[in-house]
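An overview of the molecular structure
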Amino acid sequence: MRHVIALDVGGTGMKAALAGPDGEPLHRARRPTGRDRGPEAVVESVLEFAAELSVLGTERFGTPPAAAGVAVPGIVDDAHGTAVYAANLGWRDVPLRALLSERLGGIPVALGHDVRTGGLAEGRVGAGRGTDRFLFVPLGTGIAGAIGIDGRVEGGAHGFAGEIGHVVVRPGGTPCPCGQRGCLERYASASAVGQAWAAASGNPDADAADCAEAVASGDVRAARVWQEAVDALADGLVTALTLLDPRTLIIGGGLAEAGETLFTPLREAVARRITFQTQPSIVPAALGDTAGCLGAGLLAWDLLNRTEEPT
């Protein structure tokens, strides 16, 4: 059976699959990334994991994988197959496509940014299935985005399209590691909400999930922290809506796990801010932490389809 390798490399763990022609997982596996052993060891772990999957696929389906797709964090140069910068892995300018292709016997390898790859899966087989235009925004440690257009995700001229987390929503506000002040992710990411609630509650171990629970129970302090995050998020999203006019807005990541505690006030906050714009459907992501791996499989099949098109 024809199949591909799908691999999602995260800061702490790797999720992998052997994926069939429709992107369906035929086998799943996980293992730690092992970043405590250093960046070179992480690269070797990725290569070893992929090689093991190749052997397994060959044994199970009678033919080696036809291609591989890999989702990685940080800055990715899709055109040259290079992981340019991934702070949580310690990577700089890692030629991952070439390394993987060599280890896997020369098969084609597709490399993608983890959020855009996850957005590809959400758009095709998840919450945005059947939607021609969508924006996928995961709210986790930071905030990123994936712009979906007719079944593909737009990377931009230099690979930075969709970085909504660095839209300035509070000019002159909290410093951001990107060098600006007042970026969206400093106010509306899961980590930002957790930090704000830890300060407001006096509990240094409190996180965003604790804040959401306190909001649901009627805590006034938590409601204030939560609303400030929702307002900042709505400000950033309306900027994106004005520029992109998506039909569907897909919200994922840890903060989205709060369900309607997030989505009800967020829909209301966006509705209050729009004027001439059309409010899109605002829905939760459907694929959870499997999105990156599923998207990596889709990347691999897309690559095969392009390379096998008749000239």
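Preceding block: the structure.
This structure is a prediction, so every number in the text was calculated from the model and none was measured. (Residues numbered from 1 in each chain as written. Predicted model: local features only at pLDDT ≥ 70, side-chain atom pairs only at ≥ 80, totals over all residues. Heavy atoms only, no water.)

As for the environment of T117
Checked against the element boundaries, T117 lands in helix α3 (residues 114–125). Overall, the relative accessible area of 2% leaves T117 in the buried class. The sequence separation of T117 and G292 amounts to 175 residues, and the corresponding C-alpha distance is 5.5 Å. Residues in contact with T117, not counting those within four places in the same chain, are A71, G112, A291, G292, G295, A296 and L299. (Helix = DSSP H or I, 4+ residues; strand = E, 2+ residues; numbered from the N terminus. Buried < 20%, exposed > 50% of the residue type's maximum accessible area, 1.4 Å probe, protein only. Contact = heavy atoms within 4.5 Å.)

A word on the pattern of salt bridges
This model, assessed by the stated rule, comprises 13 salt bridges. For D231, the salt bridge is made with R272, and the minimal N-O distance between the two is 3.9 Å. With D231 in helix α7 (residues 220–244) and R272 in helix α8 (residues 260–273), the pair connects residues that are 41 residues apart, well separated along the chain. The class of R272 is exposed, set by a relative accessible area of 55%. (Salt bridge = Lys/Arg side-chain N within 4 Å of Asp/Glu carboxyl O.)

Considerations on a nonpolar patch on the surface
Judged by side-chain polarity, I75, Y85 and F160 come together as a nonpolar surface patch covering roughly 270 Å² of accessible area. Assignment of secondary structure puts F160 in the loop between β11 (152–154) and α4 (185–188). (Patch = residues over 30% accessible without salt bridge, like charges linked within 9 Å, V, L, I, M, F, W, Y side chains within 5 Å. Areas by Shrake-Rupley, 256 points an atom, 1.4 Å probe, with all protein chains shown as cover.)

Let's talk about α3
With twelve residues, α3 should cover 16 Å at 1.5 Å per step; its first-to-last C-alpha distance of 16 Å lies within 8% of that length. α3 sits mainly inside the fold: nine of its twelve residues count as buried. (Expected span 1.5 Å × (residues − 1).)

Description of the pairing of strand β6 (residues 82–86)
Two elements, strand β5 (residues 75–77) and β6, share three bridges in a ladder whose sense is antiparallel. Bridge pairing in β6 places I75 opposite Y85. Between β5 and β6, which follow one another and run antiparallel, lie four residues, and G81 among them has a positive phi close to 65°. Sheet analysis places β6 next to strand β7 (residues 91–94), joined by three bridges and oriented antiparallel. Directly across from A86, in β7, lies its bridge partner W91. In this structure, the hairpin formed by β6 and β7 is closed by a connection of four residues, where G90 is found at a positive phi of approximately 75°. (Pairing = 2+ DSSP bridges.)

Re the packing of α3 against helix α9 (residues 291–307)
Packing of α3 against α9 leaves a shortest axis separation of 7 Å and a crossing angle of 85°. Comparing their axes, α9 and α3 come out roughly perpendicular. Where α3 approaches α9, its residues T117, G118, L120, A121, E122 and R124 are matched on the opposing element by A291, G292, L294, G295, A296, L298, L299 and D302. Each residue belonging to the contact of α3 with α9 can be placed in one class, and the counts come to seven nonpolar, four polar and three charged. (Axes fitted to C-alpha atoms, helices over the stretch in contact; angles between N-to-C directions. Parallel < 35°, antiparallel > 145°, perpendicular 65-115°, else oblique. Nonpolar A, V, L, I, M, F, W, Y, C, P; charged D, E, K, R; others polar.)

Here's the deal with the layout of surface pockets
In this model, the second largest pocket occupies a volume close to 390 Å³. Together, 18 residues line the second largest pocket, and D78, L111, V153, L299 and R306 are the ones closest to its centre. Listed by contribution, the elements that provide at least two residues to the lining of the second largest pocket are β8 (109–113), α3, β11 and α9. Residue composition of the lining of the second largest pocket, grouped by class: six nonpolar, four polar and eight charged. (1 Å grid on protein atoms, 1.4 Å probe; cavity = no way out; pocket = protein on both sides within 12 Å on 5 of 7 lines; lining within 4 Å. Points joined across faces, edges and corners; volume = space filled by probe spheres on them.)

This is a description of form; function is not addressed.
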